[in-house]
Amino acid sequence: MTQLNSRPKISRELLAEAMSALFEFSPVAFCISTTDEPSYYVQVNSAYLRLFGREWSELEGQPISLHMSGSPDSPSRMRRMHQLATVGFYELEEVDLRHTSGRIVPTLISAHRCVIGGAGVDIEIIVDNTDRKALENAIRQAANTDTLTEVANRAGFERLLARAVESLSGDEAVGLAYIDLNGFKAINDRHGHAVGDAVLRVIGHRLSEAASPGDHVGRIGGDEFAILFTCPNVALPTPQRFEELAAAVCQPILIGGSLFNIGLSMGVAVMEAPRSSDHLLDQADRLMYEAKASGAPIAIRLMHFQAPDDASKAGGSRG
C-alpha cells in the first residue's frame, strides 16, 4: 500500500544546492566571514552588495570593518563578538553600517558561528532598518515638537536642557533665555484664538531665525518661549545679543491685513556650574519676572553665575 504522507528523500547535495540558491537570491543580505580578528569576508550575496553599493571584487580579501561606522574595538561590537564566542549566536542587534557613499545604513543583524568543512565562520543576516528608524525618529520628533509653532515642546525642551547641563564641560557655560510675550493676551482676547495662534507661529519662526546656530528654541507653554545655548566661559553673552534678538522678534506682525505689535520680557541666566536643569530654569524664570515688573514693552534681565548661587555680572533692562 502506498503511503500518502510519504516524503521524498532529499540528498545532502541537493539540500546544499538549494541553500546556495537561497543564499544568492534572497532579498535579505547575507555575509559569511572568518572568526578571527580582524575578520575577513568569505562570501556575500547580491542583496548585501546592493545594500552597500559594492561589487564582490571590492570586498574579496578585505576585512569586514570596511563597512563599520565605528571602531572595530567599540564596546558594542566587543559585546557581540563575546556573545558569538560564548553562546554561538546573537539576534536582531541594531548596528549602524556605512554605505560606500559614506551614508549610514541602520541595520538589524543576526549572526551564528559554526564550523563548515573544518573552518569556523560567522554567518550574518543583515536587515535594512532604515525605514523603521526613520519612523521611530519621526515619532520621537513629533512627541518632542510643539505642533503649532514647530519648535520644541516643553517635554522636548526639558530633555535638551537636562542633556546640556549633564554634558557641560569645564570650560563652558550653559544659558537659558526665558521669554514671556507682552501684549499677547489682549490680541488673543480681542481677535480670537485663530489670530492668537497665527501670532505664536510667527514668534516661533522668528525666534528660530534669530537664535544663533546650535541654539535650541522651545515653547514652554501658552505665550512663553525659551532659548537654550552654551558658550565658552571666556566669551559670555552680552545684553546686546538679546536686545538684537528681541528687536528682530518684536517687529509688527501682519495677519489678515492687520498689523499687531508684540513685546516681550526676557530673563537670561548664564551658569558655569548649575546644580541641575531645574536650577537654571528657575533662575531664568525669576529674571524674566524681574524684567516684566519694569512694565516696559521690551525688557531684558541678564545675569551670569560663576557658582551655583553667586551672581558675577548682571545686565539691565531695555524698554
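Details of the structure are given in the entry above.
A brief look at the structure comes next. Since the structure is predicted, the reported quantities are computational estimates derived from the model, not experimental observations.

### Considering the packing of helix H7 (residues 184-191) against helix H8 (residues 193-210)
Next up, step 1: In contact at an axis separation of 6 Å, H7 and H8 are set at 145° when each is read in the N-to-C sense. Across from Phe184, Ile187, Asn188 and His191 in H7, the residues of H8 making contact are His193, Val195, Gly196, Val199 and Leu200.
Next up, step 2: Classifying every residue of the contact of H7 with H8 by side-chain character gives five nonpolar, four polar and no charged.

### Description of the packing of aromatic side chains
Next up, step 1: Taken as a whole, this structure holds four aromatic pairs when the rule is applied.
Next up, step 2: Taking the centre distance of 5.8 Å and the plane angle of 50° together, the rings of Phe23 and Phe30 count as tilted. Phe30 shares its class with Phe23; the two are buried.
Next up, step 3: Judged by centre distance (5.7 Å) and plane angle (45°), the ring pair of Phe229 and Phe242 falls under tilted. With a gap of 13 residues between them, Phe229 in strand S8 (residues 224-232) and Phe242 in helix H9 (residues 239-249) connect regions that are remote in the sequence.
Next up, step 4: In this structure Phe242 comes out as buried when scored by relative accessible area, which is 2%.
Next up, step 5: Three or more aromatic residues link up through ring pairs in this structure, and these residues are Tyr41, Tyr48 and Phe52.

### What about unusual backbone geometry?
Next up, step 1: Geometrically, the link from Glu37 to Pro38 is a cis peptide bond, its omega value of 0° lying close to zero.
Next up, step 2: Assignment of secondary structure puts Pro38 in the loop between strand S1 (29-34) and strand S2 (41-44).
Next up, step 3: Residues other than glycine seldom take positive phi values, yet Glu150 does so here, at roughly 65°.

### Quick word on the pattern of salt bridges
Next up, step 1: Counted according to the given criterion, the structure contains 14 salt bridges.
Next up, step 2: Put simply, Arg79 and Glu93 hold a salt bridge, and the shortest N to O gap is 2.9 Å. Of this pair, Arg79 sits in helix H4 (residues 75-86) while Glu93 sits in strand S3 (residues 89-98); the two residues are 14 residues apart in sequence, bridging distant segments of the chain.
Next up, step 3: The exposure class assigned to Glu93 is buried, which follows from its relative accessible area of 17%.
Next up, step 4: A salt bridge links Glu290 to Arg301; the nearest nitrogen and oxygen atoms lie 3.0 Å apart. Residue Glu290 is located in helix H10 (residues 277-292), and its partner Arg301 is located in strand S12 (residues 298-307); the two are separated by eleven residues in the primary sequence.
Next up, step 5: Owing to a relative accessible area of 34%, Glu290 belongs among the partly exposed residues under this scheme.
Next up, step 6: Taking relative accessible area as the criterion, Arg301 reaches 23% and is therefore assigned partly exposed.
Next up, step 7: Each member of the salt-bridge network shares a partner with another, and the members are Glu94, Arg132, Lys133 and Glu136.

Each value, and the rule that gives it
Within any chain, residue numbers begin from 1 and follow the written order of that chain's sequence. Only residues with pLDDT of at least 70 are given local features in this predicted model, and only at 80 or more are side-chain atom pairs given and counted; all residues enter the totals for whole chains, interfaces and linings. Computation of side-chain values: all heavy atoms of the structure, hydrogens and water removed. Helix axes are fitted only over the stretch in contact, all axes being lines through C-alpha atoms; the angle between N-to-C directions runs from 0 to 180 degrees. Elements are defined by DSSP. Helices are runs of H or I of four residues or more, strands are runs of E of two residues or more, and each kind is numbered from the N terminus. The contact definition used throughout considers only heavy atoms, calling two residues in contact when any of these lie within 4.5 Å. Gly falls in the polar group here, along with every residue not listed as nonpolar (Ala, Val, Leu, Ile, Met, Phe, Trp, Tyr, Cys, Pro) or charged (Asp, Glu, Lys, Arg). Stacked, tilted and edge-to-face are the three classes applied to pairs of Phe, Tyr and Trp rings, where Trp contributes its six-membered ring and a pair requires centres within 6.5 Å; stacked means planes under 30 degrees apart, edge-to-face means over 60, and tilted covers the rest. Here the term buried applies to any residue with accessible area under 20% of the maximum for its type, exposed to any over 50%, and partly exposed to those in between, with areas from a 1.4 Å probe on protein chains only. A pair is scored as a salt bridge if a Lys or Arg side-chain nitrogen falls within 4 Å of a carboxyl oxygen belonging to Asp or Glu.

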